[in-house]
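# An overview of the molecular structure
This is what each chain is made of:
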Amino acid sequence: MFDFSSSTSYTRSNSSRSFTGNENEGGLSYGYTLAYTRPWTNLFPDANGNYPVNPNAAGNSIFVRDNALNDDTNDRLVQGMTLNTNLLRTDTDRVRIVTSGGLDYLANQTYVYVPETHQAQVQPGPGGFIAVGKNNFTQLNTQIIGVWNREAMDGSLDITTQLGVAYLYQKSNLVNSRGSLLAAGQTSVDQSVNQVIDQFRSEEKDFGYFGQIEGNYKDQIIATLGYRMDKSSRNGDPNEFHGFPKASLAINMANFDFWSLESISQLKLRAAYGETGSPASFGSTFTSLGASNIGGNIGQSVVGSKGDALVKPETASELEFGFDLGIFHNKLSFEATYYDKKVKDLILTRALPSSSGFTQETTNLGDLKNTGVELALRAFVFDNENFRWNTSVQWYKNRSEVTRLAVPAFAQPGAGFGLGLGTFYIQEGKSATQLVGNLNLDGTGIKPTKVGDVEPDFQMGWSNNFTIYKQFDVSFLLNWKKGGENLNLTTFLSDLGLVTPDLETPEGQARLQMPANAVRFAEPAGYLRLREASIHYSLDRNTINSVFGNTVQGVKFGISGKNIFTISDYSGYDPEVSVNGGSGLSTGIEVGSYPSSRQFFFSLNVNF
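Here's a quick rundown of the structure. For clarity, every value in this text was computed on a predicted model and none was experimentally measured.

## Digging into the packing of aromatic side chains
Overall, the coordinates contain 19 aromatic pairs when judged by the stated rule. An angle of 85° between the planes, with centres 5.2 Å apart, marks the rings of Tyr 51 and Phe 63 as edge-to-face. Here the residue Tyr 51 occupies a position in the loop between helix H1 (30-34) and helix H2 (61-67), and Phe 63 occupies one in helix H2, the gap between them amounting to 12 residues. On the basis of relative accessibility, which here comes to 25%, the residue Tyr 51 falls in the partly exposed class. We classify Phe 63 as buried; its relative accessible area is 7%. An aromatic cluster of at least three residues, connected via ring pairs, comprises Phe 382, Phe 387, Trp 389, Trp 462, Phe 466 and Phe 476. One Lys or Arg, Arg 529, reaches over the ring of Tyr 527 and ends 5.5 Å from the middle of that ring.

## Notes on the environment of Asn 330
Note on placement: Asn 330 falls in the loop between strand E13 (314-327) and strand E14 (332-351). Assessed through its relative accessible area of 34%, Asn 330 is described here as partly exposed. Dropping the residues within four chain positions of it, Asn 330 is found in contact with Ser 265, Gln 266 and Phe 380.

## Some points on the environment of Ile 264
Mapped onto the fold, Ile 264 is located in strand E9 (residues 264-278). Judged by its relative accessible area of 22%, Ile 264 falls in the partly exposed class. Between the alpha carbons of Ile 264 and Ser 333 there is a distance of 9.6 Å; along the sequence they are 69 residues apart.

## Structural notes on the side chain of Thr 315
Note on placement: Thr 315 falls in strand E13. Taking the relative accessible area as the measure of exposure, Thr 315 reaches 19% and is therefore buried.

## Side note on the pattern of salt bridges
Under the criterion given, the structure shown has 30 salt bridges. For the salt bridge of Arg 150 with Asp 93, the shortest nitrogen-to-oxygen distance reads 2.7 Å. In this pair, Arg 150 sits in strand E4 (residues 129-152) while Asp 93 sits in strand E3 (residues 93-114), placing the two residues 57 residues apart along the sequence. Residue classification places Arg 150 among the partly exposed positions, given a relative accessible area of 33%. For Asp 93, a relative accessible area of 11% puts it in the buried group. With its nearest N and O atoms 3.4 Å apart, the salt bridge here joins Arg 234 to Glu 204. Here Glu 204 lies in strand E6 (residues 192-217) and Arg 234 lies in the loop between strand E7 (221-232) and strand E8 (242-252), a separation of 30 residues in the sequence. Neither residue differs from the other here; Arg 234 and Glu 204 are each classed as buried. Each of the salt bridges in this network shares a partner with another, and the network as a whole consists of Lys 312, Asp 345, Asp 367 and Arg 404.

## Focus: helix H7 (residues 541-548)
Capping of H7 at its N-terminal end is provided by Asp 540; its side-chain oxygen lies 3.1 Å from the backbone amide nitrogen of Asn 542. Directly after H7, the chain includes Gly 549, whose backbone phi takes a positive value near 75°.

## Focus: the nonpolar core
Formed by 20 residues in total, the largest nonpolar core has its most connected members in Tyr 36, Phe 424, Leu 435, Leu 489, Leu 493 and Ile 589. Contributing elements (two or more residues each) for this core: strand E19 (434-439), helix H4 (489-497) and helix H6 (518-521). Per element, the largest residue contribution to this core is 3 residues, and it comes from H4. Apart from the residues lying within four places of it in its own chain, the contact partners of Leu 489 are Phe 417, Leu 421, Phe 521, Ile 589, Glu 590 and Val 591. Counting 12 residues, the second largest nonpolar core, distinct from the first, contains Ala 316, Leu 346, Val 407 and Phe 410.

## Digging into unusual backbone geometry
Between Gln 123 and the following residue, Pro 124, the backbone shows a cis peptide bond with an omega angle of 20°. Looking at the secondary structure, you find Pro 124 in the loop between E3 and E4. Phi angles above zero are rare outside glycine, and Asp 154 is one such case at about 60°. Looking at the secondary structure, you find Asp 154 in the loop between E4 and strand E5 (157-182). Positive phi, close to 50°, is recorded for Tyr 469, a residue that is not glycine. Topologically, Tyr 469 is positioned in the loop between strand E21 (458-468) and strand E22 (472-482).

What counts, and at which threshold
- Each chain has its residues counted from 1, running along the sequence as written.
- With pLDDT at 70 or above as the cut-off, local features in this predicted model cover only qualifying residues; side-chain atom pairs require 80 or more to be listed or tallied, and sums for whole chains, interfaces and linings still use all residues.
- The side-chain figures draw on all heavy atoms in the structure; neither hydrogens nor water molecules are used.
- The pairing test for Phe, Tyr and Trp rings, Trp by its six-membered ring, is centres within 6.5 Å, and the orientation test on the planes gives stacked under 30 degrees, edge-to-face over 60, and tilted for anything in between.
- Under the DSSP-based scheme used, a helix requires at least four consecutive residues in state H or I and a strand at least two consecutive residues in state E, with every element numbered from the N terminus.
- For every residue, the accessible area obtained with a 1.4 Å probe (protein chains only) is divided by the maximum for its type, and the residue is called buried under 20%, exposed over 50%, and partly exposed between those limits.
- The criterion is that NZ of a Lys, or CZ of an Arg, lies within 6 Å of the ring centre and within 35 degrees of the ring normal, and then a charge sits over that ring.
- Contacts are assigned to residue pairs that have any heavy atoms within 4.5 Å of one another.
- Basic side-chain nitrogens of Lys or Arg form a salt bridge, by our definition, when they fall within 4 Å of a carboxyl oxygen of Asp or Glu.
- In protein, a polar contact means a hydrogen-donor-capable atom and an acceptor-capable atom, both N or O and within 3.5 Å, with residues adjacent in sequence counting only if both atoms are side-chain atoms; elsewhere, any N or O pair within 3.5 Å suffices.
- The definition of a nonpolar core used throughout is a set of buried Ala, Val, Leu, Ile, Met, Phe, Trp, Tyr and Cys residues joined through side-chain atoms within 4.5 Å.

In short, geometric facts, not functional conclusions.
Next up, the structure:
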């Protein structure tokens, strides 16, 4: 009547990260510092371990590499449990209750240390810097689902009905202690003169009911109908439920009795519609107050962000059509999908005028539409005893449009560096990923003007897998991005530092004469990249028996790599860039961003 399962996972990871991205005078970011460093400048230490001062930049990158620390440690515990309770089991009906719960706990520790001997820290500079972060994240989830499976029409129709509730609890506590003006050689916050402690705490609760019924008639017609009601503490009204329906229909034409085309083994027509909701981020519903010291007494003031007690979840509705085609027993298959996704009550952050008493607000400001096409072609080209080859090609494109905006057009805060150098610009009737800067291209005055769009014309992926003589496994994946632009502000920095490689060419000299605006730094960002490749070898049975006996069942070893090469006209480090690490609208703007790493691995797999 009962069956119970439990899984536990513990992971500990450590990483020593570099300093990258935008920076002004800190002298830590490799990309920023190298943009001002002359190629002939010697940055290596002398025989006594003394590092020279970089005469053209705020820091010595070799000193940072050897002495500064930016460490990250994670301890993660994931626990999951599932209890199945079988209530009824007959020839036609099966009823059970599935109860599941989980815990995901992450303890993250960060440690940043910049010695007082770093050239930008030497007094009258800050005198060294240290920051210690203790960040705890807890997530608890539980689901209770009642499932009723019924066989009707003498087994021709399978009906599955589900009713359930879901609960999600999330809590975080982030504490960051920082200090500057360190005692010589000390690496603790308490050994600093100027100390600051920041703490951020959050608690979120989501609760929902859901129901779904699915019918499958002879694997010819498959239909699903469902509805979900959710509420969240991140909504303006935490007790209000919001409803989200879904429905789908698939017809397998090749499974009907009238189907007579033996060469076409599958022809599935499908359509689906569904809605989902996304609440605002934590803190958007209220205006926070921060503590301040007023004459030795505690005071409080608005921290800058205006809360909205009426904010609603943004609702995404997606309508999808497509078909799946299989030929010659699915040795050749083709999939095509068209989707139309609309987001209502889009939650956006915009800057506010200082006269309002706030710096920004996050609330429902508009509607968004995404339309796109996804195509996939798969083939088993060869399949015999000594050689197997399967290949697949994926092609996809997407177009977005802001269909409604309740406020005047605005630059997305934090996504770029303002309209002077170019940024993302939220504007009704335009793409959500357009790059815009203040320009006067037509002689009618300076105004926000589009200079590009990070959305590509299309993207493709081509993957291949080979098995040779049952022992060699070879695979690779190629990605092609056609079109799309980036704002390469790393070039802006290297132009200022006079180290851009093309400055001695007519093109480079012409760029130097241009104003520092968005059109100057917008570049095509298409590329062809070998994303992954691998080759592995499996020992044959006779070799395994002669070396290991019957103890070992299989041995496989090989090498693999990621981001092995990239072909692109983009002049920056990497056409896949993000100034903010991929959060929100940030992909496509580069300021000394760290490129995608090229990685190689050796693997050994032994089965006992």
